[in-house]
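# Examination of the molecular architecture
The residues making up each chain are set out below.
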Amino acid sequence: MAKKVKKRKEIKQKLLHKYRLVILNENTFEEKISFKLSRLNVFVTGSLFIVGLIGLTTLLIAFTPLREYIPGYSSTKLKRQAIELTYKTDSLVTVLNYTNKYLGSIRQVLRGDIEYSEVDRDSLFEQYKLDPSSVDLTPIKEDSILRSEVDMEDKYSLFERNLNLPGMVLFSPLSGTISQGYHPERKHYAVDVVAPKDSPIKAVANGTVIFAEWTAETGYVIILEHANGLISVYKHNGSLNKSQGDMVRAGEVVASVGNTGELTTGPHLHFELWSNGSAVNPLDFIDFK
């Protein structure tokens, strides 16, 4: 026990023993600077210097652009450019597919591969030779039942279901799984499509961006106005590729899938379709598979 105490005292004495560091002029041996040091002071000072150096290096890497020069760290600018190029490439592939189909149709026309049927002009006028007075227009029982069912559905319908889109084909904005369908009775006038984060979201038709901003409840939102009074709404996006006033074409990438806003539980697209101020079921016109 005495040996241990004696050993501790020797160690303590060595750590606290004072040394004098003197800097002399080599020619005149004049004392310039002197320091009183101990092993403990040197150890503590060296440790604090190393910790401070490590902290300063960490701050430089975490909060300055210097981290981009360190192997393993990706550049934010390059990542953004890569995402934009991916969206542009996807849009170009879609346009290329449309162009190839169009050229294929033109090629069939030029080769004469399209089948046609001869039409007898006289047969077109046969329907006008029919005397309406000779036709029994009394509705049958099945027709009356069908009319009654349709009237009951229209009576309790919240919105008009007729969507007049002459010559317009709606493009699927996203391929994914429907997590929640169109339920106007629950005030859910949309379909929720689940897809991987950052998946491209495309315009359903040609149109103009009338709204592209951030909202607290639904995150990044973009709204497009199309022909024939049609409006498409895309909510909870991760980012927006278009600004208000931009013109877009069908199939062009306008946003990416995200999980923004308070009213969301995961990456998905909240898609709404409105016709002349009334909500319609997107599943009646678009296949999200």
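Here's a quick rundown of the structure.

Cut-offs used in this document
Residues numbered from 1 in each chain as written. Predicted model: local features only at pLDDT ≥ 70, side-chain atom pairs only at ≥ 80, totals over all residues. Heavy atoms only, no water. Helix = DSSP H or I, 4+ residues; strand = E, 2+ residues; numbered from the N terminus. Buried < 20%, exposed > 50% of the residue type's maximum accessible area, 1.4 Å probe, protein only. Contact = heavy atoms within 4.5 Å. Pairing = 2+ DSSP bridges. Patch = residues over 30% accessible without salt bridge, like charges linked within 9 Å, V, L, I, M, F, W, Y side chains within 5 Å. Areas by Shrake-Rupley, 256 points an atom, 1.4 Å probe, with all protein chains shown as cover. Salt bridge = Lys/Arg side-chain N within 4 Å of Asp/Glu carboxyl O. Core = buried A, V, L, I, M, F, W, Y, C linked by side-chain atoms within 4.5 Å.

### What to know about the overall build of the protein
Helix and strand counts for the protein come out as five helices and 12 strands. Per-residue burial over the protein gives 25% buried out of 289 residues. Counting only contacts in the protein whose residues sit at least 6 apart along the sequence, the fraction spanning at least 24 positions is 56%.

### Looking at the pairing of strand 7 (residues 219–225)
With five of seven residues buried, strand 7 is to be regarded as a mostly interior element. Where strand 6 (residues 207–215) meets strand 7, seven bridges bridge the pair, whose relative direction is antiparallel. Its bridge partner being in strand 7, Val 209 is matched across the sheet by Leu 224. In this structure, the hairpin formed by strand 6 and strand 7 is closed by a connection of three residues. As paired strands, strand 7 and strand 8 (residues 230–240) are joined by five bridges and run antiparallel to one another. By the bridge assignment for strand 8, Tyr 220 is matched with Asn 237.

### Looking at a nonpolar patch on the surface
On the surface, Ile 11, Leu 15, Leu 16, Leu 40, Phe 43, Val 44 and Leu 48 cluster together into a nonpolar patch covering about 650 Å² of accessible area. Counting only elements with at least two residues in the nonpolar patch, the list comes to helix 1 (2–16) and helix 2 (39–63). Of all the elements, helix 2 adds the most residues to the nonpolar patch, at four residues. Among the structural elements, Phe 43 can be located in helix 2.

### Describing the pattern of salt bridges
Summed over all chains, the structure comprises three salt bridges. Here Glu 272 makes a salt bridge to Lys 235, at a shortest N to O gap of 3.2 Å. Placement of the pair is Glu 272 in strand 11 (residues 268–275) and Lys 235 in strand 8, with a sequence separation of 37 residues. A single burial state applies to Glu 272 and to Lys 235, both of which are buried. In this structure, the salt-bridge partner of Lys 242 is Glu 252, at a minimum N-O distance of 2.6 Å. With Lys 242 in the loop between strand 8 and strand 9 (247–248) and Glu 252 in the loop between strand 9 and strand 10 (253–257), this residue pair connects regions lying 10 residues apart in the sequence. Looking at Glu 252, the relative accessible area reads 21%, which means it is partly exposed.

### With respect to the nonpolar core
In terms of nonpolar packing, the biggest core is built from 27 residues, with Leu 170, Val 204, Ile 222, Leu 224, Tyr 234, Val 254 and Phe 271 touching the most fellow members. Only strand 4 (191–194), strand 6, strand 7, strand 8, strand 10, strand 11 and strand 12 (278–280) provide two or more residues apiece to this core. Those residues in contact with Ile 222 that lie beyond four places of it in its chain are Val 209, Phe 211, Ala 212, Ser 232, Val 233, Tyr 234, Asn 237, Leu 240, Lys 242 and Val 254.

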